[in-house]
Amino acid sequence: MQQELRQTAELELDRNEKILWLAQPDANILVKKVLAAWILLLTALFLESISLIQHAQGDQSELLMTRVVAMALFAFVGAGMVMFVPTMSQSTIFAITDKRVLKLIVNSFGHKILFRSQSSSNAREATMKSVVHQKDSTEKTFWFNFGAYMFSFLMWATLFLPTMITNFDAYIAAATLIIVGVLTAYAIMGKHKAAPTHRHASGTLYSIGQELMYVEAIPLKEISSIQSGSNRSGAADLFIFSEKRGCLRLAAACDAATAVNLLEKRNQADFGNAASGSKETKRVGTATVSKLDAIEGID
């Protein structure tokens, strides 16, 4: 499995670029986070339903049935997400090279099909095409998204907050506290702050045969700061910040301590300059050229 991961990551490398660290997310940690959040949100929905039923006028059977169906559907979606997390973890690759920090997402079983079907560089060139190229994330994009979030919040406050205030009781209060707590924990643990440097890093989506690969990357020389979350059995959340490109989030990355040590040495002599003196290469994944045009740079 490690060899297949390395082969997949090497598709994204420039000429003479070398992998220094390679890992995947710890699926157990991610499953626990998703499960805990979904149980808390389901509890909040249950408490809010109790309050609505208590304050309902007339026949409550229809309202009761509606809320039961809503909670069942919500629980079903949560169970699906919990089951999907391990598959997503297996399809996610984190890498540090002597030039960049990379996050690659290959759709399920994509890397296996890729290396079964592509036995030569000609076949690889014929099947690899750039689907979408997203330019570097900008502060304007961040503030546009932030404005959209604020508008959504105001719409919610306008439509639902008056009813909540009218029917306010201990159940509504508890449900509100749970929802606010979950959202606050998500913002703090994921470093989602109202700051341009905390916006999501831009990425590129490629088609590889019948499969898709999504790549996010930040060059080592553009890293402004590094933060690490709590460490559990060697796995931790890593956050790579860049003034120009935003934040690259490596959730529950295994062997996180090694990654942090490597990144802390990025300013040392010769680190990240392995290709100095060689002929100019084309950037794959973060430049404006397509993967098809830059295919010579991954042999």
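All values reported here derive from a predicted model rather than from experimental measurement.

This paragraph deals with the pattern of salt bridges. Inspection of the entire model under this criterion finds 4 salt bridges. As a salt-bridge pair, E222 and R245 come within 2.6 Å of each other at their nearest N and O atoms. Residue E222 is found in the loop between β6 (211-219) and β7 (223-228), and its partner R245 is found in the loop between β8 (236-242) and β9 (246-253); the two are separated by 23 residues along the sequence. Both residues of the pair, E222 and R245, count as buried.

What follows is about the sheet that holds β9. Here 3 strands make up an open sheet; going across it, the order is β7-β8-β9 and the pairing antiparallel. On the outer flanks of this sheet lie β7 and β9, each paired with one strand and no other. Across the sheet, the mean angle from the axis of one strand to that of its neighbour is 15°, orientation sign disregarded. With 5 bridges connecting them, β7 and β8 associate as antiparallel partners. Among the inter-strand pairings, S225 is bridged to a residue of β8, identified as F241.

Between helix α2 (residues 27-55) and helix α7 (residues 170-189), the shortest axis-to-axis distance is 8 Å and the interhelical angle comes to 155°. Comparing their axes, α7 and α2 come out roughly antiparallel. Like other packed secondary-structure pairs, α2 and α7 cross with a definite hand, here left-handed. Seen from α2, the contacting residues are K33, A37, L40, L41, T43, A44, L47, E48, I50, S51 and Q54; seen from α7, they are Y171, I172, A174, A175, I178, I179, V182 and M189.

A positive phi angle is found at N16, which is not glycine, with a value near 70°. Along the chain, N16 falls in the loop between α1 (2-10) and β1 (19-23). The exposure class assigned to N16 is partly exposed, which follows from its relative accessible area of 40%. In this model, A252 sits at a positive phi of 50°, which is unusual for a non-glycine residue. Its location among the elements puts A252 in strand β9. A252 gets classed as buried once you look at its relative accessible area, which sits at 1%.

This part is about the nonpolar core. Of all hydrophobic cores here, the largest spans 20 residues; its most connected members are W21, V101, I223, L238, L248, L250 and L263. Those elements giving two or more residues to this core turn out to be β1, β2 (92-97), β8, β9 and α8 (256-264). Among the elements that make up this core, the one with the highest residue count is α8 (5 residues). In contact with I223, not counting residues within four places along its chain, are V101, I218, I240, F241, L263 and R266. If you look at the next biggest cluster of nonpolar residues, it comprises 15 residues, including I93, Y206, V215 and A217.

Rules used throughout
Residues numbered from 1 in each chain as written. Predicted model: local features only at pLDDT ≥ 70, side-chain atom pairs only at ≥ 80, totals over all residues. Heavy atoms only, no water. Salt bridge = Lys/Arg side-chain N within 4 Å of Asp/Glu carboxyl O. Helix = DSSP H or I, 4+ residues; strand = E, 2+ residues; numbered from the N terminus. Buried < 20%, exposed > 50% of the residue type's maximum accessible area, 1.4 Å probe, protein only. Pairing = 2+ DSSP bridges. Axes fitted to C-alpha atoms, helices over the stretch in contact; angles between N-to-C directions. Parallel < 35°, antiparallel > 145°, perpendicular 65-115°, else oblique. Left-handed = near helix turned anticlockwise from the far one by under 90°. Contact = heavy atoms within 4.5 Å. Core = buried A, V, L, I, M, F, W, Y, C linked by side-chain atoms within 4.5 Å.

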